[in-house]
Amino acid sequence: MLDRGADILCIQGLTKRFAVRRPWVMQALSRQPRPMVHAVEDVSLAIGRGTTFALVGESGCGKSTIARCIAGILTPTAGTMTFMAADIMARTGGRDPRRRHLQMIFQDPYASLNPRWRVGRIIAEPIVTHRLISGRSRIEARIAELLTLVGLAPQDARKYPHQFSGGQRQRISIARALASEPDFLICDEPTSALDVSVQAQILNLMRRLQAKLGLSYLLISHNLAVVAHMADRVGVMYLGRLVEWGAAQDVLERPQHPYTRMLLDAVPDVGTRRERPQPFKGEVPSSINPPSGCAFHPRCPLAEARCARERPHPVAVGAGWVACHAVEKSVLS
Amino acid sequence: MADPVLSVRNLRIEIATRRGTLLAVDDASFEIAEGEVLGVVGESGAGKSITGGAIIGLLEPPLRHVGGEIRLAGRRIDDLAAEPMRLLRGRHIGAVFQDPLTSLNPLMTVGRQLMQTMSAHLDLSPREARTRAARLLAEVGLPAAQERLDSYPHELSGGMRQRVVLALAFCCEPQLIIADEPTTALDVSVQAQVIEVLRRMCRERGTAVMLITHDMGVIAEIADRIAVMYGGRIVEIGRAEAILHAPAHPYTRGLMACIPSMHRRYRDLPQIEGSMPRLDAIPSGCAFHPRCPSRLPRCDRERPVLAPAGATQSACWLTAACDQMQDIVAAAGHA
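So, how was this worked out
- Residues numbered from 1 in each chain as written.
- Chains lettered and ligands numbered in written order.
- Predicted model: local features only at pLDDT ≥ 70, side-chain atom pairs only at ≥ 80, totals over all residues.
- Helix = DSSP H or I, 4+ residues; strand = E, 2+ residues; numbered from the N terminus.
- Rg over C-alpha atoms; globule rule 2.2 N^0.38 Å.
- Buried ≥ 20, exposed ≤ 12 C-beta atoms within 10 Å, placed from the backbone.
- Contact = placed C-beta atoms within 7 Å.
- Pairing = 2+ DSSP bridges.
- Axes fitted to C-alpha atoms, helices over the stretch in contact; angles between N-to-C directions.
- Parallel < 35°, antiparallel > 145°, perpendicular 65-115°, else oblique.
- Left-handed = near helix turned anticlockwise from the far one by under 90°.
- Nonpolar A, V, L, I, M, F, W, Y, C, P; charged D, E, K, R; others polar.
- pLDDT = per-residue confidence, 0-100.

## Considering the overall build of chain B
Part 1 of the reasoning: Of the regular secondary structure elements, chain B holds 12 helices and 12 strands.
Part 2 of the reasoning: Scaling as 2.2 N^0.38, a compact globule of 335 residues should have a C-alpha radius of gyration of about 20 Å, and chain B matches this with 21 Å.
Part 3 of the reasoning: Buried positions account for 46% of the 335 residues belonging to chain B.
Part 4 of the reasoning: Long-range pairs, those at least 24 residues apart, make up 64% of the contacts in chain B between residues at least 6 apart in sequence.

Okay, here's the thing in structure tokens:
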């Protein structure tokens, strides 16, 4: 495990459930409590300073919910969060001043920038809100510095978001995130809306900024090749739970959990052209009624009777952790 | 030799705007043989979906087909009137689009949609149509196909819906399928299943497929040949292995290099500077020249045409020069 003192963010037992909204007549007639979506269940993870932790999984597995809980957009149902050695959940609503050091980059650079604000104002907002710099000319100098840092020109501050391409807009949202001088960036699918040639530019920019400013990243992505390129550590999620986590190289090159193996098999890769093994059956089940025991057992080729009854607990395998009965058995024997 | 299933010659499509007309597809030519999968790749704005739309006759103003010809099994189809084109669509050309929820009718059961399409084009009794619909659903891998006939699209998951769309596309045994980003809205595990179904159905039937996607991984899985589009033009076309592993055009090379792969490790990804030009600002000469790392003096003045370059056809002055050079060297060797 990582040195505790070096962790910038530490999450323990994070759980987030949503009540499903139904028309009130249906709710009254059903005479049952509201169904709950188990978006995130009992997730614990630690992210080391200056490193990248990637969460991977298919849509609906809860990876964006974790990002939103950490960013304070959602309030977790249960769990604790330690950021820069302080409990940031303790204050009501999680509105802790330390959250300034924790910023977020969103997937869609078209929806995440105010179309009626000039770029300069968009980037200045966090600076003004947190009173980081005062004086108009000094704020303008800072905006110019931030724009240069992300590869845009200082003159771009006078333009509106619609005058930029998707990749340039993502650079603007990175500049906005950097404006509050953060230590930690949550990047939720930062390149999924971009073309591949632009994706490479943004990924390279993110790596350069990490080296230059000592940033730590939580990267959410469904693209395993992007994760392999960026991440130091990887967590694989299935139906709201972490099923496997460890060093990126271990997880991606020697996957243990059957679900991780399935994901890696399913990724079409430009580098290898092959007849794939029989693709896995089925789809991700609903997180309103997740399967009993191990949530993956209905799709798992290694499933036994026990998997439907008992939920597997994470066990250490090498330097990583895996929650799977079959893996546990093979480790013990 | 038999006619290719699809032959597109010098296709030009314009977009009429208030500030004048723009060329969305500029002089595109390609063919697809029976049972062949042609992957059309490019970044957004390259004109790949518009090319697909022109073939199925679904261009709407402001898009306008202004030149070139499209032939299906030797018969010209780009000048057909609306009604004959409608009869052709569905019968001889099937289509699969990105979002299965919008390509299915939400108020009609899956079975009725299939039966309606078949009875519009084929002479089948309702009973035959129903049997055939159930068989098709089983073939695309829908569990409990017989019962699923009476399901509505909202009762199915995303992957199941896309399977139904595939069944719809194949239900009249078309000669050609246009698949426009068929797996983009799906998760990777489901994407793999849908690609598998598409590949199996085409192989069994000998259907020609034009697969439009921005995902090189998907293309690598299924395409026999690949056409790379940039700024409305085809810049390189050739066998899939050649394009993937030995591309000639600098754009294709840059594109292939900048895709992160599970099997390569870089400090920095190789990157192409800049982004795809907007249609109102297509550069002169070769559209790629402002971003090209190996441009020549003539690249901003003269437009290159597709010419043999190694194992592919490439529209590039550099690869044309290299190819000529090789010819000269070979000739000198013989002499």
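Next comes the rest of the account.
## Examining unusual backbone geometry
Part 1 of the reasoning: Cis peptide bonds are those with omega within 30 degrees of zero, and the linkage from Pro61(B) to Pro62(B) qualifies with 5 degrees.
Part 2 of the reasoning: Mapped onto the elements of the fold, Pro62(B) is located in the loop between α1 (48-55) and β4 (63-72).
Part 3 of the reasoning: Phi at Glu181(A) is positive, roughly 50 degrees, even though this residue is not glycine.
Part 4 of the reasoning: Its place among the elements puts Glu181(A) in the loop between α5 (166-179) and β7 (184-188).
Part 5 of the reasoning: Phi at Glu181(B) is positive, roughly 50 degrees, even though this residue is not glycine.
Part 6 of the reasoning: Relative to the assigned elements, Glu181(B) resides in the loop between β7 (176-180) and α8 (188-205).

## Describing the sheet that holds strand β3 (residues 37-41) of chain B
Residues and elements named next belong to chain B.
Part 1 of the reasoning: Taking strand neighbours across the sheet as the criterion, the 8 strands line up as β6-β7-β8-β3-β9-β10-β12-β11 in an open arrangement whose pairing is mixed. The sheet is open, and its two borders are formed by β6 (93-96) and β11 (307-309), each paired with just one other strand. For this sheet, the mean angle separating the axes of adjacent strands, direction not counted, is 20 degrees.
Part 2 of the reasoning: Both β6 and β7 contribute to a ladder of 4 bridges, which runs parallel. By the bridge assignment for β7, Ala 95 is matched with Ile 178.
Part 3 of the reasoning: Its contacts with the sheet place helix α12 (residues 317-334) against β11 and β12 (312-314), and it is angled at close to 70 degrees to β11.

## Topic: the sheet that holds β4(B)
Residues and elements named next belong to chain B.
Part 1 of the reasoning: If you walk across this open sheet you meet the 4 strands as β2-β1-β4-β5, and the pairing is antiparallel. Each end of this open sheet is capped by a strand with a single partner; those strands are β2 (20-32) and β5 (75-76).
Part 2 of the reasoning: Relative to β4, strand β1 (residues 6-17) is paired through 8 bridges, and the arrangement is antiparallel. Directly across from Val 8, in β4, lies its bridge partner Ile 70.

## So, the environment of Glu60(B)
Part 1 of the reasoning: Here Glu60(B) is to be found in the loop between α1 and β4.
Part 2 of the reasoning: Residue classification places Glu60(B) among the exposed positions, given that 7 C-beta atoms sit within 10 Å.

## Re helix α2 (residues 63-71) of chain A
Part 1 of the reasoning: Judged by how many residues are buried, α2(A) sits mostly within the fold: 8 of 9 residues are covered.
Part 2 of the reasoning: Turning to α2(A), its buried residues are Lys63(A), Ser64(A), Thr65(A), Ile66(A), Ala67(A), Arg68(A), Cys69(A) and Ile70(A).

## A look at the interface of chain B and chain A
Part 1 of the reasoning: Listed per partner, the contact involves 35 residues of chain B and 35 residues of chain A.
Part 2 of the reasoning: When residues of the side of chain B that touches chain A are traced back to their parent elements, those giving at least two are α8, α9 (216-222) and α11 (250-258) of chain B.
Part 3 of the reasoning: Broken down by element, the residue count for the side of chain B that touches chain A peaks at 6 residues, all from α8(B).

## Details of the packing of helix α7 (residues 158-170) of chain B against α8(B)
Residue and element names in this part refer to chain B.
Part 1 of the reasoning: Where α7 contacts α8, the two axes come as close as 10 Å, and the packing angle between them is 15 degrees. In terms of orientation, α7 lies roughly parallel with respect to α8. Here α7 runs over α8; the crossing is right-handed. On α8, the residues that touch Gly 158, Gly 159, Gln 162, Arg 163, Leu 166 and Phe 170 of α7 are Val 190, Gln 193, Val 194, Val 197, Leu 198 and Met 201.
Part 2 of the reasoning: Within the contact of α7 with α8, the residues separate by chemical class into 7 nonpolar, 4 polar and 1 charged.

## Some thoughts on the environment of Pro312(A)
Part 1 of the reasoning: Mapping Pro312(A) onto the fold places it in the loop between α10 (305-309) and β11 (315-317).
Part 2 of the reasoning: For Pro312(A), the contacting residues outside a window of four places in its chain are Cys294(A), Ala323(A), Cys324(A), His325(A) and Glu328(A).

## Considerations on the confidence of the model for chain B
As a note on interpretation, predicted positions should not be read in detail where pLDDT is low.
Part 1 of the reasoning: The share of residues in chain B with pLDDT of 70 or more is 99%, and the mean pLDDT across the chain is 90.
Part 2 of the reasoning: For this predicted complex, the interface confidence comes out at an ipTM of 0.81, alongside a pTM of 0.86.

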